Amino acid sequence: MRGTGRPRLSARTQAYVFAVLGLGALTVFLSARELLHSPPASVRAWLPLAALTFVSGWLSVKLPSVSASISISETFVFAGTLLFGPSVGTVLVVLDALVLCAKEAWVRRRLRWQQVVFNIAAPPLSIWVAANVAGVTHPFTDVHLDLQFAIVLGSFTALYFLLNSWLVTFAVALEQRAEPFKIWWTSFTELSINFAAGASIAAFLVVNASGVVDLTFIGVTLPLLLVIYFTYRWSTRRVEVEREKILELNRVFLSTVEALALAIDAKDQVTHGHIR
């Protein structure tokens, strides 16, 4: 959910935001406490992924017709979760959310505090729950691309996508007083491709990492990530342009019908206003 300058949120929406905030804050607290007790060497091991998440987080794309954004940083969040556990994945996704909020505030220069806290709380809650439910509770070392790993990765990716998208969907539905499933189906189903692509690239990073971050392999995969980003940005802009054209045509059609109604009413003083 991103800033759009709408009026004050309703009581139900604020209650929902605070509920997600409480659960997300608890998740971040537990993850941070675990990492604080980790050896310094293990912390230094995932710092390159934190840097890559921070940089790639600025390459975000706003979704048309809904207040949400995505970025290619999902790849490094997936890789960090698989390589170092859900606590690191939680920290990385919080960093990604902070970058997205900073970019949104910089571009639009107005962002409600409810949106900021929701954006920071929902992703870590989603990835922490998804990782624990899918069995990604410990670092994956010496991984082989076999059926078992594919099932775990697929389950983790699907759960993370569903939880993250539905948390945002419910927030948008409460704010706009719209049907949740319609919002999710029209605005978020296509994002599953982005999550699947990020998870696939992360799988190759994990298989070739052997417990450490292989910067050489990351450098090889960066062009592919950039291609995904620019392709999605181009597609999103095309969709937004077509949407603006349809809205403009609707305004023209309505103005034409209204002008015809006024012209007919001008000739008939008995039923004046009825046709309009």
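As shown above, the structure is provided for reference.
Remember, it's a predicted structure, so these values are computed and weren't measured experimentally.

1. Let's talk about the packing of aromatic side chains
Counting across every chain of the model gives 14 aromatic pairs. With centroids separated by 5.3 Å and ring planes inclined at 40 degrees, the aromatic side chains of Trp166 and Phe170 adopt a geometry described as tilted. Of this pair, Trp166 and Phe170 both sit in helix α6 (residues 147-176), separated by four residues, roughly a single helical turn. Taking relative accessible area as the criterion, Phe170 reaches 38% and is therefore assigned partly exposed.

2. Examining the pattern of salt bridges
Applying the stated criterion across every chain, the model contains one salt bridge. A salt bridge links Arg251 to Glu248; the nearest nitrogen and oxygen atoms lie 2.6 Å apart. Of this pair, Arg251 and Glu248 both sit in helix α9 (residues 215-267), three residues apart, which is roughly one turn of that helix.

3. As for helix α7 (residues 180-187)
Given 3.6 residues to a turn, an α-helix orients residues that are three or four positions apart in the same direction. Among all positions in α7, only Ile183, Trp184 and Ser187 are buried. Relative to the axis of α7, the buried residues are bounded by an arc of 95 degrees and lie together on one face. The exposed residues of α7 that point more than 90 degrees off its buried face are Lys182, Trp185 and Thr186. On its buried face, α7 is in contact with α6 and α8 (191-207).

4. Some points on a nonpolar patch on the surface
A surface patch of nonpolar side chains, about 290 Å² in accessible area, is lined by Phe54, Val55 and Trp58. In this fold, Trp58 is placed in the loop between α2 (40-57) and β1 (60-62). Judged by relative accessible area, Trp58 falls into the partly exposed class, the value being 35%.

5. A short note on the packing of helix α1 (residues 11-36) against helix α5 (residues 113-134)
Axis separation between α1 and α5 bottoms out at 7 Å; the angle between their running directions is 50 degrees. Taken as axis vectors, α1 and α5 run oblique relative to one another. Once α1 is placed against α5, the crossing between them reads as left-handed. Residues Gln14, Tyr16, Val17, Phe18, Val20, Leu21, Leu23, Gly24, Thr27, Val28 and Ser31 of α1 lie in contact with α5, whose contacting residues are Trp113, Gln114, Val117, Phe118, Ala121, Ala122, Pro124, Leu125 and Trp128.

6. Topic: the environment of Phe84
On the secondary structure map, Phe84 appears in helix α3 (residues 74-84). We classify Phe84 as buried; its relative accessible area is 16%.

Conventions used here
Residues numbered from 1 in each chain as written. Predicted model: local features only at pLDDT ≥ 70, side-chain atom pairs only at ≥ 80, totals over all residues. Heavy atoms only, no water. Phe/Tyr/Trp six-rings, centres within 6.5 Å; stacked < 30°, edge-to-face > 60°. Helix = DSSP H or I, 4+ residues; strand = E, 2+ residues; numbered from the N terminus. Buried < 20%, exposed > 50% of the residue type's maximum accessible area, 1.4 Å probe, protein only. Salt bridge = Lys/Arg side-chain N within 4 Å of Asp/Glu carboxyl O. Arc of directions from axis to C-beta. Contact = heavy atoms within 4.5 Å. Patch = residues over 30% accessible without salt bridge, like charges linked within 9 Å, V, L, I, M, F, W, Y side chains within 5 Å. Areas by Shrake-Rupley, 256 points an atom, 1.4 Å probe, with all protein chains shown as cover. Axes fitted to C-alpha atoms, helices over the stretch in contact; angles between N-to-C directions. Parallel < 35°, antiparallel > 145°, perpendicular 65-115°, else oblique. Left-handed = near helix turned anticlockwise from the far one by under 90°.

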